[in-house]
Amino acid sequence: MSPLPTFSTMTPEAGLKKALTLSRPDIIEEMKNSGLKGRGGAGFPTGMKWNFAAAARADEKFVICNADEGEPGTFKDRIILQEHADLVFEGMTIAGKAVGAKEGILFLRGEYTYLKSHLEAVLAKRREQNLLGKGILGTDLEFDIRIFMGAGAYICGEETALIEALEGFRGEPRNRPPFPVNTGFLGRPSVVNNVETLASSACILQKGADWWKQKGTAQSTGIKIFSISGDCQKPGVYEFPMGITVAQLLKEVGGEGAKAVQVGGASGQCIPASQFERTIAFEDIPTGGSIIVFGPHRDMLDVLHNFLDFFVDESCGQCTPCRRGNVKLLEGVELLKEGKCSMAYLQELCALGETMQIASKCGLGQSSPSAFLSVVKNFREELMGRTFSHV
Amino acid sequence: MLMTDRERLAGEIQALAEKHGKCRTALIPMVQEVKRKYQKIDSYAMQVIADQLGIHPVEVYSVVSFYAFLGSEAHGKYIIRLCRTISCDMQGKDRVQRQLEADLGISFGQTTADGKFSLEWANCMGMCDQGPALLVNDRLYTRVTPEKVHEILEECRRTFGVHATERKEAHLV
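### Concerning the overall build of chain A
Thought 1: Secondary structure assignment for chain A yields 17 helices and eleven strands.
Thought 2: Here the C-alpha coordinates of chain A stretch approximately 70 × 45 × 35 Å along the principal axes.
Thought 3: Taking all 391 residues of chain A together, the buried fraction comes to 55%.
Thought 4: A separation of at least 24 residues holds for 71% of the contacts in chain A among residues at least 6 apart in sequence.

Listed below in structure tokens is the structure:
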């Protein structure tokens, strides 16, 4: 059985055909009704985003699919692109019609270069079938998609950094506002959506907003694709409704007995076993789909060390809280490992983490201290007074 | 001889600029293609790219030095990128690292003297359910064990001869 039952049971192009019969405001209304929120993790309502871009006046607009899947522990977009590329491109075409864009760009991360030939073949086939190009399916809709290869930078998952890369600059996030829906690629209104968001949009157009809302919670509607790895028996990609509890999810993947679960990747939260009844949804624990399970034998400081190494390496270096803050937190973890960190200094590090959350320019710096702060809060008994035998 | 090499490079970069449209948005695709063919972007290549796009060469350097898959330094014919992020780490990437270093006689961040192999770290490659994972150029290997390392390297060595002769004929675009 496919790990993605909903996407697998869709009728090819039914969503696009439906969209072609609807007016632009009607498509956006359907998206708003569905309550779909951005599947990259930030959870911005998709219908609202499309509406902003549709309302913006410009000679050109763009639809950008963010396939720069770099969050540690996330790999769902790779599976979606391998198995349901048509659904993603269908979603992009629908978005193109909704906002009035003629060009779509798939920003594919450099690490996924091996997917490129497959995706190019799917695009070529769609052009042959008149699903892309001029006069799509006999209507006056014009839309085409090209692939842009990323060059190895986690930060380009941030939408304004991604646009900087597309424009040929360093992937350094811009100030927001103005948001890309007004001032995006080449200064034109641009919709930047995650791979899964676009595939889900195609499903919503096909089956309707009410069908989508049957699953999930009131505030987090529909299904979500999860990438599950770490200490469990059946790692892989899973589809679950939004609002599933951590405990239910662990049961499904054979991860019972876990000591902690990292929800949302390195920039997410570390949930201890005592909180496994909490739900995964935007109103409780938000996630882009990354779930990393830590078994009872894992040392949480090793985990933090790995995460902070990652952030030190991937910080773009543009703003000080993130550039220096992550280095300081990493040094703090090293001190803790050696048992040389005073309680006063640990408190200072936590204050630094909170400062980074407030003062960093983009999501990377704002969320990179989350894991540190949640480990300090929930696993304090593991951290202090360590001897070298622990290391 | 040196001039001819340079002229050929300049000609190829010019053709690339025409293919991608002579504007700033062409910069990353151009650098990617030059890097793929020459395994480096030297200051001469950066100057020619800058001339073609009408920007200062330092702008090119600024972009080249930012991205992990670009970088101006020369690397080997095969870049082995081992994922070091959490899930691969928990699945034993340390031992794969040791074996790679032992088999090639270099450390991560270095290139073998014969210019065949470079060892580099990658941050999460999205193969967390099948780690430890590594990329050899664009080719993916999953569930790599220390014993498999030798096999992977041999596979590269076997195809190296073929690639080397192909390269004489290869031209960009």
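Once the structure has been displayed, the description carries forward.
### Thoughts on the pairing of strand S4 (residues 190–194) of chain A
All names here are of chain A.
Thought 1: Counting buried positions along S4 gives five out of five residues, so the element sits mostly inside the fold.
Thought 2: The two faces of S4 match: Ser-190, Val-192 and Asn-194 on one face and Val-191 and Asn-193 on the other face are all buried.
Thought 3: Of the strand pairs in this sheet, strand S1 (residues 62–67) and S4 are connected by five bridges, and their pairing is parallel. From the neighbouring strand, Ile-64 faces S4, where its bridge partner is Val-192.

### With respect to the packing of helix H4 (residues 46–55) of chain A against helix H6 (residues 85–99) of chain A
Residue and element names in this part refer to chain A.
Thought 1: Between H4 and H6, the shortest axis-to-axis distance is 8 Å and the interhelical angle comes to 45°. On the basis of their axis angle, the class for H4 and H6 is oblique. Contacts from Trp-50, Ala-53 and Ala-54 of H4 reach H6 at Ala-95, Ala-98 and Val-99.
Thought 2: By residue class, the composition of the contact of H4 with H6 is six nonpolar, no polar and no charged.

### As for the sheet that holds strand S2 (residues 117–122) of chain B
All names here are of chain B.
Thought 1: Strand order in this open sheet of four strands is S2-S1-S3-S4, and the pairing throughout is mixed. Edge positions in the open sheet fall to S2 and strand S4 (139–141), since each of these has one partner strand only. Across this sheet, the average inter-strand angle for adjacent strands is 25°, counted without regard to direction.
Thought 2: The pairing of strand S1 (residues 78–83) with strand S3 (residues 134–136) spans three bridges and is classified as antiparallel. Across the sheet, Leu-82 pairs through a bridge with Leu-134, a residue of S3.

### What to know about the domain arrangement of chain A
Residue and element names in this part refer to chain A.
Thought 1: Looking at chain A, the domain boundaries give domain 1 (5–213), domain 2 (223–294) and domain 3 (300–390).
Thought 2: The straight-line distance from the C-alpha centre of domain 1 to that of domain 3 is 35 Å.
Thought 3: With eight residues of domain 1 at the contact, the number on the domain 3 side is eight residues.
Thought 4: Residues of the side of domain 1 that touches domain 3, tallied by class, amount to five nonpolar, one polar and two charged.

### Concerning the confidence of the model for chain B
Residue and element names in this part refer to chain B.
Thought 1: Averaged over chain B, the pLDDT score is 91; the fraction of residues at 70 or greater is 91%.
Thought 2: Scored below 50 in pLDDT, residues 163–173 shows eleven contacts in the model against residues more than four places distant or in partner chains.
Thought 3: Quick note on the complex model: pTM equals 0.94, ipTM equals 0.92.

### Some words on the domain arrangement of chain B
Thought 1: Splitting chain B by domain gives domain 1 (2–66) and domain 2 (78–169).
Thought 2: Averaged C-alpha coordinates put domain 1 of chain B and domain 2 of chain B at centres separated by 27 Å.

### Comments concerning helix H2 (residues 14–21) of chain A
All names here are of chain A.
Thought 1: Every buried residue belonging to H2 is among Gly-15, Leu-16 and Ala-19, and all of these are buried. The buried side chains of H2 occupy one side of the element, clustering within an arc of 95° when seen end-on.
Thought 2: Tucked into the core, H2 has its buried residues touching helix H3 (24–34), H6 and helix H9 (195–207).

### Points about the environment of Asn-182 of chain A
Residue and element names in this part refer to chain A.
Thought 1: Checked against the element boundaries, Asn-182 lands in the loop between helix H8 (159–166) and S4.
Thought 2: Remark: the alpha-carbon pair of Asn-182 and Ala-53, spanning 129 residues in sequence, is separated by 6.3 Å.
Thought 3: Excluding anything up to four places from it in sequence, Asn-182 contacts Phe-52, Ala-56 and Pro-189.

### Quick word on the sheet that holds strand S3 (residues 144–149) of chain A
Residue and element names in this part refer to chain A.
Thought 1: Strands sit in the order S3-S2-S1-S4 across an open sheet of four strands; the sheet is parallel. At either end of the open sheet lies a strand with only one pairing partner, and these are S3 and S4. With strand direction ignored, the average angle separating the axes of adjacent strands in the sheet is 20°.

### Here we look at the interface of chain A and chain B
Thought 1: Facing the 36 residues of chain A at the interface are 30 residues of chain B.
Thought 2: Counting residues per element, the ones that place at least two in the side of chain A that touches chain B are H8, strand S5 (223–230) and helix H12 (300–314) of chain A.
Thought 3: Top element by residues in the side of chain A that touches chain B is H12 of chain A. It accounts for six residues.
Thought 4: Partitioning the side of chain A that touches chain B into residue classes produces 16 nonpolar, 13 polar and seven charged.

What counts as what
Residues numbered from 1 in each chain as written. Chains lettered and ligands numbered in written order. Predicted model: local features only at pLDDT ≥ 70, side-chain atom pairs only at ≥ 80, totals over all residues. Helix = DSSP H or I, 4+ residues; strand = E, 2+ residues; numbered from the N terminus. Buried ≥ 20, exposed ≤ 12 C-beta atoms within 10 Å, placed from the backbone. Contact = placed C-beta atoms within 7 Å. Pairing = 2+ DSSP bridges. Axes fitted to C-alpha atoms, helices over the stretch in contact; angles between N-to-C directions. Parallel < 35°, antiparallel > 145°, perpendicular 65-115°, else oblique. Nonpolar A, V, L, I, M, F, W, Y, C, P; charged D, E, K, R; others polar. Domains from an automatic or database assignment. pLDDT = per-residue confidence, 0-100. Arc of directions from axis to C-beta.

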